[in-house]
Every structure is written in C-alpha cells, then in structure tokens.
Amino acid sequence: MNADPLKQYLKSEGATLVGVGDVTEALSKEIIHLNRGIAIALNRNLNRETIRLLARLQGLSVAWLSARGYRNLSIPPDSDRQKDKLITRLYKLFCHKTAATCSGLGWVGKNGLLINRQYGSRLSWATVLTNAPLDADEPVRESECGDCVLCVMHCPSGAVKGDHWSISNPRRKLVAYDKCAALKSRRQTLDGKPNCGFCVTVCPYSRNGKREKAGK
Ligand code: SF4
Ligand code: SF4
C-alpha cells in the first residue's frame, strides 16, 4: 500500500518529517498486529504547543487510516512523562526512536538521542502504530556518528559512554542516565527545570544539519 498520499497529507498539515517503518522486530505480543510505525516529527522543542500539534497530526493519521478500515494506536509525544496512565505502560512496549530508525529518519547517537541527518536531535516525535500494510521505508541500521566524540568529551557528568548504536542491538545502554539526572538536578534553572543539554548543543548534526563526510 503506497504510503506517499498519507505522508504528503501530513506534511501539508505541518509535519516536518514523516516516515513509515516495519517495526515487527520491536513489538511485544500485545501489539504485534500493529507492525507499521508511522514516525511523525516536528522541528520544534517539545513543549505544550508542540505536543498539541503532534497530537493533531496523530489524529489526522488515525482518521485517514480508520476511514480505510485499519486499526491504529497512537503513542503520544510525551507518553514517557505521563504518569498513572495506560499509555505510560504502552510506551514501555514501544518508543518513538524505534519508529524513527525503522523508517530511515535517523539513528540513535552516542548521546542517546535520535539524530536526523538534516535536523540533528532538534525534533519532537510522535508515533502511530497501524495494521495498514503501508510500504515501509529503508531503515537506518548503524550509527552515523563515526569517530565524533564531542558529546562524550563535553558531557559534564561523564554519562555519555561513547558506544555506537546499531539496529541489531537497539537496547544498548549508551548513556548512564543516573549520572545525567544527578547532574541536571544539581543544575536546575530558576524555574526548577533541569539544566544541561551540552550533548545536544555540541552535536554537529544539531548545530549545522548534515555533517561533512570528512569528519566521519
Ligand atoms: S544532558 Fe548533560 S549530563 Fe546529561 S548526557 Fe547530556 S551533556 Fe551529559
Ligand atoms: S556529538 Fe558526535 S558522537 Fe555525539 S551524537 Fe552528535 S555526531 Fe554522534
């Protein structure tokens, strides 16, 4: 089933990137029938307005697919932050990075964040899982960080280990999140928000978009 009409529709409604991945390998038995992941990205920081826009795009996807008789499950952009909700449990079964890598929109960088060639990690993501037999994009199988170690060098807590992600080992722990969380709690901003993010600001992909091949 050609996915282009859905992708073009979502982009005409404001999506920055849309991809479709075959996510079969990443699904637990509860949701194994929903083996296509539609990855939707906006080139914006994740805040309340971004969440609203992503949720709208998910709603449009679901309506488009439902009108054609398919089943769907939306994984909200902030489902990892929602407490005491059913979707929080579902998020543990599936995360946005999986749909993004399976649909060829990026890889998981040494900093543990989804890195897109054009936008780096300055994207916010939402996912719709579906049983529609959409044509899947070619996945990204290996990290494209190459020999860059900027996020390793500049992480003030030593949390970024410097390992490479690959699709064959997607759960490899690239970042010691306990060290990261401890540092961010010590460096809270005046309004109480965690304060760091050097691993984003130093990343050449996030600063400049596509990196020069010579640096890889
Ligand atoms: S947010 Fe800061 S402490 Fe955490 S991994 Fe990134 S650079 Fe390191
Ligand atoms: S700073 Fe370098 S190593 Fe770290 S995520 Fe970006 S490209 Fe990869």
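Remember, it's a predicted structure, so these values are computed and weren't measured experimentally. (Residues numbered from 1 in each chain as written. Chains lettered and ligands numbered in written order. Predicted model: local features only at pLDDT ≥ 70, side-chain atom pairs only at ≥ 80, totals over all residues. Heavy atoms only, no water.)

(A) Quick look at the environment of L60. In this structure, L60 sits in helix α2 (residues 48-66). Residue classification places L60 among the buried positions, given a relative accessible area of 18%. C-alpha separation for the pair L60 and E13, spaced 47 residues apart in sequence, amounts to 8.9 Å. Apart from the residues within four sequence positions on either side, L60 is in contact with Y9, L10 and E13. (Helix = DSSP H or I, 4+ residues; strand = E, 2+ residues; numbered from the N terminus. Buried < 20%, exposed > 50% of the residue type's maximum accessible area, 1.4 Å probe, protein only. Contact = heavy atoms within 4.5 Å.)

(B) Representation of the site of ligand 2. Taken together, G109, K110, N111, I115, C145, C148, L150, C151, C203, P204 and Y205 make up the full set of residues adjacent to ligand 2. Taken together, the residues of the shell around ligand 2 break down into eight nonpolar, two polar and one charged. Mapped onto the domain boundaries, the shell around ligand 2 takes at least three residues apiece from domain 1 (4-130) and domain 2 (150-215). (Near = heavy atom within 4 Å. Nonpolar A, V, L, I, M, F, W, Y, C, P; charged D, E, K, R; others polar. Domains from an automatic or database assignment.)

(C) Representation of the pairing of strand β1 (residues 17-22) in the model. Most of β1 is tucked away, with five of its six residues classed as buried. Both β1 and strand β2 (residues 36-42) contribute to a ladder of six bridges, which runs antiparallel. Residue pairing for β2: L17 is matched across the bridge by A41. (Pairing = 2+ DSSP bridges.)

(D) Spatial organisation of the site of ligand 1. Near ligand 1 you find C155, P156, S157, V160, C180, L183, C196, G197, F198 and C199, and these make up its full shell. Of all the secondary-structure elements, those providing two or more residues to the shell around ligand 1 are α6 (177-186) and α7 (198-201). The residue inventory of the shell around ligand 1, partitioned by class, reads eight nonpolar, two polar and no charged.

(E) Just the environment of L42, in detail. Structurally, L42 is set in strand β2. The sequence separation of L42 and A126 amounts to 84 residues, and the corresponding C-alpha distance is 8.9 Å. Excluding residues that lie within four positions of it along the chain, L42 makes contacts with G14, A15, T16, T50, L53, L54, L57, R122, L123 and S124.

(F) Seen up close, the pairing of β2. Of all seven residues in β2, seven are buried; the element is thus mostly enclosed. Burial along β2 is two-sided: R36, I38, I40 and L42 and G37, A39 and A41, pointing in opposite directions, are all buried.

(G) Representation of the packing of aromatic side chains. Taken as a whole, this structure holds one aromatic pair when the rule is applied. On the numbers, 5.0 Å between centres and 80 degrees between planes, the contact of W107 with Y205 is edge-to-face. Residue W107 is located in strand β4 (residues 107-108), and its partner Y205 is located in helix α8 (residues 204-208); the two are separated by 98 residues in the primary sequence. Against the face of W64 rests R68, its NZ or CZ located 3.7 Å from the ring centre. (Phe/Tyr/Trp six-rings, centres within 6.5 Å; stacked < 30°, edge-to-face > 60°. Lys NZ or Arg CZ within 6 Å of the ring centre and 35° of its normal.)

That is the geometry; function is a separate question.
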